[in-house]
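Observations on chain architecture
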Amino acid sequence: MLSNKITFKQFISYFKIAITGKQKEFTSGSIRKAIFMLSVPMILEMLMESIFALVDIMYVSRVSVNAVATIGLTESVITLIYAVAIGLSIAATAIVARRVGEKNYKEASKAAVQVIFLGVFVALIISAVGLFYPKEILELMGAEPDLIEEGYGYTKILLGGNMTIMLLFLINAIFRGTGEASISMWTLVLSNGLNIILDPIFIFGFGPVPAFGVEGAAIATTIGRGVAVLFQLAILFYGYSKIKIAFRDLVFRVEIMFNIIKVSLGGIGQFFIGTSSWVFLMRIMSEFGSDVLAGYTIAIRVMLFTLMPAWGMSSAAAALVGQNLGAKKPERAEKSVLITAKFCSIFLGLVSIIYLVFAPQIIQAFNDTPEVVKYGSLSLRIITAGYILYGYGMITLNAFNGAGDTKTPTYINLICFWLLQLPIAYLLAMTLELGPSGVFWAVALGEVVMTIIAVFWFRKGYWKMVKV
């Protein structure tokens, strides 16, 4: 990845530097090395997140099919709400990366504070909704009465304690913007390590801790991520990061706040479009029963396991774009994206082959109910068929965000998800009565079209002129 000839010893040396975060300069020198140094901790960070997601669903699968379906419905709502968090994190990475590229660390610190303020405000609103209306949320998503009674506690706890997830998102985005991806990685190692340990304790009970069932998964997640947020804040306040926050910095700065909101609106829009389409797809899937919904939920978790490393690469590309534009090196920013996209496409292409061959065996590892295996493996095979193209689309879309051009991905998502994917999913699944497979084919088609548009517009180069 770094050059045509690299020894195993050199690879191990570079790997150690990457995970310890010793290299902090990414606007000069080898582009491939810069990609490697940023991608490795980001990929490991995302892998930790996806490993926890798989372990979590594995434990919950032992509770009941309804428990798995509850997680699927709740997470579809959470991702819709967290469009705001993701939009803010895009703004945080773009603005902090640009200031770091300009070597203006004081302004980067000020921006970080305003991002955290916004995150706390949004989280408080979400908590109020989640604590008072968990049953209504599941009912709105089409859940059956027995599922609601069994699973509303999970929804209540996860939404009520969402501030831990919100701040974990945003502060890690700040670290990615500074180029200190290794800090984000170790934060998630702590968070998900605790989750994996606490999950079985709270789900099945241990010693004085009673068995909470599916609610236990939400309790473990909230505790694990809460501890990780305290770890993040300690790093920011005690100066272990490239930027440092002092108590005197904890004031509202209207100009910076509005700039963050302006940049984040496009990010919120694009992910609101994407996640709301997922909510509607889950709503369509719920029409076919809990077994089908559970199979689809497991397949999504499995796909996330392999998409997380790809998202790690795309986050690295976004950080490189922001820092190099800040350093007035747009051509280096573009080259970084194209090289990263090539690696991502190769990786996802290999993953799709594994899913095509071993889909049933993979789903069976989580749940061996025949209908769950049937539709879980079918969704794996169909949706990942276009992964090799999606690798390019994922990187280029996030490159726009890294440049602060959050409007372009919003328009692309609007076309591909709302105007194409959702109508075709409903037409194939309900009108033409193809059932769940109609939804799967619509998802695959949306991803392919999205990639084609994203790569075409990226080549136009307008993103190089965006100011943040």
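Residues numbered from 1 in each chain as written. Predicted model: local features only at pLDDT ≥ 70, side-chain atom pairs only at ≥ 80, totals over all residues. Heavy atoms only, no water.

Secondary structure summary: the protein chain contains 17 helices and zero strands in total. For a compact globule of 468 residues, the expected C-alpha radius of gyration is about 23 Å, and the protein chain comes in at 21 Å, within 12% of that figure. For the protein chain, the proportion of its 468 residues judged to be buried stands at 60%. Considering only intrachain contacts with a sequence separation of at least 6, the fraction spanning at least 24 residues in the protein chain is 80%. When the accessible area of the protein chain is evaluated, it comes to approximately 18800 Å², of which 69% is carbon and sulfur surface. (Helix = DSSP H or I, 4+ residues; strand = E, 2+ residues; numbered from the N terminus. Rg over C-alpha atoms; globule rule 2.2 N^0.38 Å. Buried < 20%, exposed > 50% of the residue type's maximum accessible area, 1.4 Å probe, protein only. Contact = heavy atoms within 4.5 Å. Areas by Shrake-Rupley, 256 points an atom, 1.4 Å probe, with all protein chains shown as cover.)

Here the focus is the packing of aromatic side chains. Under the defined criterion, the tally for this structure stands at eleven aromatic pairs. Between Phe456 and Trp457 the ring centres are 6.3 Å apart and the planes differ by 45 degrees, which places this aromatic pair in the tilted class. Judged by relative accessible area, Trp457 falls into the partly exposed class, the value being 34%. Site record: aromatic cluster; members linked through ring pairs are Phe400, Phe458 and Trp463. (Phe/Tyr/Trp six-rings, centres within 6.5 Å; stacked < 30°, edge-to-face > 60°.)

Attention now goes to the nonpolar core. Among the nonpolar cores identified, the biggest contains 128 residues, and Tyr296 and Leu380 are the most heavily contacted of them. Broken down by element, this core gets its largest block of residues, 15 residues, from helix α12 (residues 290–326). Beyond its immediate stretch of four places on either side in the chain, Tyr296 contacts Trp278, Leu281, Met282, Met285, Gly376, Ser379, Ile383 and Phe440. Within the second largest apolar cluster, 17 residues are counted, among which are Ile31, Ala34, Met37 and Ala316. (Core = buried A, V, L, I, M, F, W, Y, C linked by side-chain atoms within 4.5 Å.)

Taking 1.5 Å as the rise per residue, helix α8 (residues 162–178) with 17 residues should run 24 Å; its terminal C-alpha atoms sit 25 Å apart, in good agreement. Within α8, 15 of the 17 residues are buried, which leaves it mostly tucked inside the rest of the structure. (Expected span 1.5 Å × (residues − 1).)

Another point: the side chain of Asp199. Along the chain, Asp199 falls in helix α9 (residues 181–204). Apart from the residues lying within four places of it in its own chain, the contact partners of Asp199 are Phe52, Asp56, Tyr59, Gly216, Ala217 and Ala220.

With that out of the way, let us pick up the packing of helix α4 (residues 83–101) against α12. With their axes 7 Å apart at the nearest point, α4 and α12 run at an angle of 40 degrees to one another. Accordingly, the angle class assigned to the pair α4 and α12 is oblique. Once α4 is placed against α12, the crossing between them reads as right-handed. In this structure, α4 uses Ala97, Arg98, Val100 and Gly101 to contact α12, whose residues at the interface are Ala319, Gly322, Gln323, Leu325 and Gly326. Here the residues of the contact of α4 with α12 are counted per class, giving four nonpolar, four polar and one charged. (Axes fitted to C-alpha atoms, helices over the stretch in contact; angles between N-to-C directions. Parallel < 35°, antiparallel > 145°, perpendicular 65-115°, else oblique. Left-handed = near helix turned anticlockwise from the far one by under 90°. Nonpolar A, V, L, I, M, F, W, Y, C, P; charged D, E, K, R; others polar.)

A surface patch of nonpolar side chains, about 660 Å² in accessible area, is lined by Ile346, Leu350, Ile353, Ile354, Leu356, Val357 and Phe358. Note on placement: Leu356 falls in helix α13 (residues 330–364). (Patch = residues over 30% accessible without salt bridge, like charges linked within 9 Å, V, L, I, M, F, W, Y side chains within 5 Å. Salt bridge = Lys/Arg side-chain N within 4 Å of Asp/Glu carboxyl O.)

It is worth spelling out the packing of helix α5 (residues 105–132) against helix α11 (residues 254–286) at this point. Relative to each other, α5 and α11 sit at 70 degrees, their axes nearing to 9 Å. With respect to their mutual orientation, α5 and α11 come out roughly perpendicular. In this structure, α5 crosses over α11, and the sense of that crossing is right-handed. Taking contact as the criterion, the partners of Glu107, Lys110, Ala111, Gln114, Val115, Phe117 and Leu118 in α5 are, on α11, Ile256, Met257, Ile260 and Ile261. Taken together, the residues of the contact of α5 with α11 break down into eight nonpolar, one polar and two charged.

Mapping Pro330 onto the fold places it in helix α13. Here Pro330 falls in the partly exposed class, since its relative accessible area comes to 27%. Along the backbone, Pro330 and Lys464 are 134 residues apart, and their C-alpha atoms lie at a distance of 6.1 Å.

Attention shifts here to unusual backbone geometry. Most peptide bonds take the trans configuration, and most residues that are not glycine carry a negative phi. Positive phi outside glycine occurs at Lys103, with the angle close to 65 degrees. Looking at the element boundaries, Lys103 is found in the loop between α4 and α5. Given the relative accessible area of 48%, Lys103 is considered partly exposed. Positioned with a positive phi, Glu433 is a non-glycine residue whose angle comes to about 60 degrees. Assignment of secondary structure puts Glu433 in the loop between α16 (407–431) and α17 (436–460).

What follows is about the pattern of salt bridges. Tallied over the entire structure, the rule returns six salt bridges. The salt bridge involving Glu102 is made with Arg99; its shortest N-O contact spans 2.9 Å. For Glu102, a relative accessible area of 36% gives the class partly exposed. The residue Lys464 makes a salt bridge to Glu331 at a minimum N-O spacing of 3.2 Å. Here Lys464, found in the segment after α17, pairs with Glu331, found in helix α13; they are 133 residues apart in sequence, far enough to count as distant. Lys464 gets classed as partly exposed once you look at its relative accessible area, which sits at 25%.

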